[in-house]
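# Structural overview
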Amino acid sequence: MGRKFTRKFDPESPRDLVAEEYDAHQPSPSMPIPRVARGWVLLLPGGKPLSLYHQRHDCAALLADARLSEQCGENQGIQRVKVDEIGARPDCVACLLCIEETDYSKFKSCAVDTGTDRLQGTRLVWRADLAAGWCAVVIYKLRNRLVADIRTAGELKELSDS
Ligand SMILES: [Zn+2]
């Protein structure tokens, strides 16, 4: 009786069965993710070079980062922080997916090697996995749908200038 868990970036958009099937194969994090009230954000500490904070408790990047944090054996949990306070913290950056006003220069464009394809993506945050080495939360388009996924350093390449 697995919980059906679909990550949607825009609840108003029409259903995308391919994306929903993709989401259904992503395990949901066992880390509790609190709902977030107005004036607050959710912060998952420990990210490199910066930790991400989010406005939506069901943000796909937050879910992927929570899974990665668990995979890396971290047990920091998700913190609720006041919006007024988070702006003053140099170790955090607003999530590209769920907060419109963010500093895009803090994220890096990259190519994601899926084994069959090379897709253009954006690296949001790194965490160190003892077994797999450095892993990143990356967003990229998969069949015309944005997904947030965990990728190892070896699967990410610099974008060539050509
Ligand atoms: Zn987010």
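Residues numbered from 1 in each chain as written. Predicted model: local features only at pLDDT ≥ 70, side-chain atom pairs only at ≥ 80, totals over all residues. Heavy atoms only, no water.

When you go through the protein chain residue by residue, the secondary structure sums to three helices and nine strands. Mapped in sequence order, the helices and strands of the protein chain form the string α-β-β-α-β-α-β-β-β-β-β-β. When the 162 residues of the protein chain are sorted by exposure, 43% land in the buried category. Of all intrachain contacts in the protein chain linking residues separated by at least 6 positions in sequence, the fraction that spans at least 24 positions is 59%. (Helix = DSSP H or I, 4+ residues; strand = E, 2+ residues; numbered from the N terminus. Buried < 20%, exposed > 50% of the residue type's maximum accessible area, 1.4 Å probe, protein only. Contact = heavy atoms within 4.5 Å.)

Let's shift gears to the side chain of Asp149. Relative to the elements of secondary structure, Asp149 occurs in strand 8 (residues 145-152). There is a polar contact of 2.7 Å between the side chain of Asp149 and the side chain of Tyr140. Side chain to side chain, Asp149 and Arg151 meet in a polar contact 3.3 Å long. (Polar contact = N/O pair within 3.5 Å; in protein donor to acceptor, adjacent residues only side chain to side chain.)

For the rest of this paragraph, the subject is the sheet that holds strand 1 (residues 40-44). On the basis of which strands lie adjacent, the open sheet formed by four strands has the order 3-1-2-4 and mixed pairing. A strand with exactly one partner marks an edge of an open sheet, and here the two such strands are strand 3 (79-82) and strand 4 (92-94). Each strand of the sheet is rotated relative to its neighbour by a mean of 40°, with strand direction disregarded. Across three bridges, strand 2 (residues 51-54) lies against strand 4 in parallel orientation. Its bridge partner lying in strand 4, Tyr53 is registered against Ala94. Relative to strand 1, helix 2 (residues 60-71) is tilted by about 30°, and along the sheet it contacts strand 1 and strand 2. (Pairing = 2+ DSSP bridges. Axes fitted to C-alpha atoms, helices over the stretch in contact; angles between N-to-C directions.)

With that settled, the discussion passes to the coordination of the zinc ion. Perfect tetrahedral coordination of a metal by four donors corresponds to 109.5 degrees between them, and perfect octahedral coordination by six donors corresponds to 90 or 180 degrees. Protein-derived ligands of the zinc ion are His54 (ND1), Cys59 (SG), Cys95 (SG) and Cys98 (SG), with the metal-ligand distances lying across 2.1 to 2.4 Å. Around the zinc ion, the four donor atoms are arranged such that angles at the metal cover 99 to 114°; this shape is classified as tetrahedral. Donor residues binding the zinc ion come from one chain and are separated in sequence as H-x4-C-x35-C-x2-C. Given a relative accessible area of 0%, Cys95 falls into the buried group. (Donors = N, O, S within 2.8 Å, 3.2 Å for Na, K, Ca; no water. Tetrahedral: all angles 85-135°; square planar, octahedral: opposite > 155°, others 65-115°.)

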